[in-house]
Amino acid sequence: MKRGTLTVLLACAGLGTGCSDTQATTGFAGLSGTYDLAMVGDLVFVTSSDRDELQVLDLSKDPKQFIPAPNPLQTLAIPVLDRPDSLTRDVGYNADGSDHAGPYVYARSAGASQISVVAAGPERLVQVLRIEGRSLITAFAARSPAPVPPGQAPGPGVLYYGIQDPDAPFAPDTGGSRIERQWVPGPDALGAGEAVGAAVTLFCLQPGESLQAMAVLPNDQLVVATRQATGLTGRTLLVQDTNPATSVDCTTPSAAVRDLSAGFDNFPVRQLVTHPRIVLVEDNPDTAQDELQTIAAAKFVYGIKDELACGGAPECTGVLAVDTETGLTATDISGATMLPIRPPDGLPSGLALIPAASVRWRQIETSGSIENDAPVRVPLLGMMPSSNGSITLFSADERRHFDLDRRPVNVAVEARNSLEQVITVGDAASLVRVVQEVVYPCDPSNPTGTSFTRRTLLEGSVVSGLYRFIYQGALPGMVDLARDLTTPTSFVVPQPTEVSRQARVDDRIVLANPDIRCTTDLVVSSVRPASEAGKVVLETTTAIPEDCAELPSFSVHAGGSQPFVLVNDIGEFLSRDVSDSGPGYQIPTSYYFHPGDFTQTTVLADSAIECGLQSNLTVPIYPAAPPPLTLRATVTNTLSRGDRFVAAVGSGVRNHISGVETSPSSGAGLAFYTLPGPVVASQKGGAFLAYIAYPSADGILQVNLGVITDNALNAVGLTAFE
């Protein structure tokens, strides 16, 4: 039990009637080991693993509170198997595709062969059954009993669980890991003494495979994710429940209804979620009326790719959706294959899909200001906490990140002096070019012939950044170096291996001491190797003024045809070859977001004239691979040393990513809410509250989606239950 909880209980006990049962239980349950949670109706079940129990948060109360025990100074604890760390609930689908819950929540523990079956009705809330598997249980899911008319007892539900190879050493080989299918009578039937039959084997895995994740689909189907013992490969399969009366033979692996592995890039998946039927409301410009469209229940299965498959590299991280009808990666609203949904840093630690969720929407308009700040209804919201503490909301019905910025990719340029004060240097915007150059052959059948270059900026490939083109800026590593006065016209400097960072002929050497700098630049006339590796000698033929001859230090500044030094927002040196006569500085790009017109085409103005064609070329707006972003600047004689062009690049894309204000000085009391875990929310539609388990805090965090602010650390809109 946490010290804070113990203090409250002792204080209430000492005051006698001074504390009500609501005061004693609201938000405090003495949780210890909040590794997972499950939501059934208005109840949120959470593990208290160190106490071998579950606690239940009642959302129907005002204020919300953990359900009290008969002793009002304590909360209700449901004893279950040792150290529960994973929960699941019954899931079923009505004829209209809506989700309906069942009577149970199930708990298991890593490294155990048991499952606790807990009655989820508020009138019962006890473990009613403990199932013993034949081997180590690695994943589970459960199907609700079919709905029945009022007054009629529901039939049994179905529990699915994956086990490791059950064969004892030296026993006959019956196959490897498998999926077991267990009928589970309802609480009333169990209470009346109905027997629980033995589990039967439903599906057999390949040698070396084990189950990682499972999810129930309509039509007696389920989706399962496996991985091989190496952890480097795995499959995602659609499995049909044929309700076998006896176990299938596992000496031969079973055949799946459909292999979804390619849709997840053939990487193993560590969590699977799906959705009920989703209703979309879309504007119809032809009829000026809204149209209703639907996404069938479980049309898409979302999975978190298992980063262990390749050590956390980007290609094996993030969330993808697979179309269960085709087995391929789903397309997003643009018509292109969806891109993985990734957090800005860290790894996904949970995933939930929330139908018809109410979310605070802060839209940045073309003016740059936030002119729309109000809750909006999202047909299917994706919510993804991550190991870095961030919470990502995304459009699961569109299969892409949100974009809260209506502006396209944009570049703003200012001229400033060395003190960062704005100055006037002609038309600064015309002197700096930040572009992507796409080259198209005039004749597609002759790629080496005449071509047309399109200069553009492609939204969804350019990332935001700030860049400074410093005129005659000092070269890094060549500032305030000690001078050898015995060789007054020779200057030894380190020389980087990258050509774009090297000192050159026509650069400027400035002599100085701590108090003064020489006003006469020494022009580099030659560069020759030095006796010491990694260094060169800069020679000058410029006459050194008498009053500068004894100055003990020097710096080297860019000059000649490439007088700019390009640095990023933190002052990191990028390149000096950025004026018009050089190649410019190139930033590699790749698509991380698909705008709505991603698969559409555009006509290249003036291409017919340049190519000698009858009509202009028609090309995709977005090429298959985006070209690098190239930065260049034009030298003008109105610049003085230290003046700079500051180019602010805006991506035009703003995702909905937020965090928790954990600073103790904030007074929010959320200092330990740093590592989020699984997340749940209502599947009935209209939800605006979600609940995240935080193992780091031994607590649950209630997140008000209609209040939290995107791209900020939040204290408002968050409520902790511990």
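Thresholds applied
- Residues numbered from 1 in each chain as written.
- Predicted model: local features only at pLDDT ≥ 70, side-chain atom pairs only at ≥ 80, totals over all residues.
- Heavy atoms only, no water.
- Helix = DSSP H or I, 4+ residues; strand = E, 2+ residues; numbered from the N terminus.
- Buried < 20%, exposed > 50% of the residue type's maximum accessible area, 1.4 Å probe, protein only.
- Contact = heavy atoms within 4.5 Å.
- 1 Å grid on protein atoms, 1.4 Å probe; cavity = no way out; pocket = protein on both sides within 12 Å on 5 of 7 lines; lining within 4 Å.
- Points joined across faces, edges and corners; volume = space filled by probe spheres on them.
- Nonpolar A, V, L, I, M, F, W, Y, C, P; charged D, E, K, R; others polar.
- Disulfide = S-S within 2.5 Å.
- Polar contact = N/O pair within 3.5 Å; in protein donor to acceptor, adjacent residues only side chain to side chain.
- Core = buried A, V, L, I, M, F, W, Y, C linked by side-chain atoms within 4.5 Å.

## As for the environment of Gln-182
- Along the chain, the position of Gln-182 falls in strand 12 (residues 178-184).
- Exposure remark for Gln-182: the relative accessible area of 5% places this residue in the buried category.
- Placed 16 residues apart in sequence, Gln-182 and Ala-198 show a C-alpha to C-alpha distance of 6.9 Å.
- The residues contacting Gln-182, other than those within four sequence positions of it, are Ile-131, Gly-157, Val-158, Leu-159, Tyr-161, Val-196, Gly-197, Ala-198 and Ala-199.

## Focus on empty space enclosed by the protein
- Tallied over the full model, the rule gives 1 cavity of 30 Å³ or more.
- Size it by volume and the largest cavity reaches roughly 50 Å³.
- Every residue along the wall of the largest cavity is listed here: Asp-332, Leu-339, Pro-340, Ile-341, Arg-399, Arg-400, His-401, Tyr-592, Phe-593 and His-594.
- When the residues that make up the lining of the largest cavity are grouped by side-chain class, the tally is 5 nonpolar, 2 polar and 3 charged.

## Structural notes on the state of the cysteines
- By the definition in use, this model includes 4 disulfides.
- For Cys-204, the disulfide goes to Cys-250, at an S-S distance of 2.0 Å. Every disulfide takes its handedness from the sign of the S-S torsion; for Cys-204 and Cys-250 that torsion is -80 degrees, giving left-handed. Pair noted here: Cys-204 is in strand 13 (residues 200-204) and Cys-250 is in the loop between strand 16 (236-240) and strand 17 (258-259), with a separation of 46 residues, a long-range link.
- Relative accessible area serves as the criterion here: at 1%, Cys-204 is assigned to the buried category.
- One disulfide in the model links Cys-442 with Cys-611; its S-S distance is 2.0 Å. Looking down the S-S bond of the Cys-442 and Cys-611 bridge, the torsion is -65 degrees, so its handedness is left-handed. In this pair, Cys-442 sits in the loop between strand 29 (432-441) and strand 30 (451-456) while Cys-611 sits in helix 5 (residues 607-611), placing the two residues 169 residues apart along the sequence. With respect to burial, Cys-442 and Cys-611 carry one shared label: buried.

## What about the side chain of Thr-274?
- As for its position among the elements, Thr-274 is in the loop between strand 18 (269-273) and strand 19 (278-284).
- Assessed through its relative accessible area of 13%, Thr-274 is described here as buried.
- Within the local environment of Thr-274, its side chain forms a polar contact with the backbone oxygen of Phe-300, the two atoms lying 2.9 Å apart.
- In this view, Thr-274 contacts Tyr-93, Val-216, Leu-217, Ala-298, Phe-300, Val-301 and Leu-353; residues no more than four positions away in its chain are not counted.

## Some remarks on the nonpolar core
- Formed by 32 residues in total, the largest nonpolar core has its most connected members in Val-223, Leu-272, Tyr-302, Val-319, Leu-351 and Phe-394.
- Breaking this core down by element, the ones donating at least two residues are strand 14 (209-217), strand 15 (221-228), strand 18, strand 19, strand 21 (300-305), strand 22 (319-323) and strand 24 (370-385).
- Apart from residues no more than four positions distant in its own chain, Leu-351 is found in contact with Gln-271, Val-273, Tyr-302, Ile-304, Val-319, Met-383, Met-384, Pro-385, Phe-394 and Val-679.
- Ranked by size, the runner-up nonpolar core spans 27 residues in total, among them Leu-381, Leu-670, Ala-687 and Ala-690.

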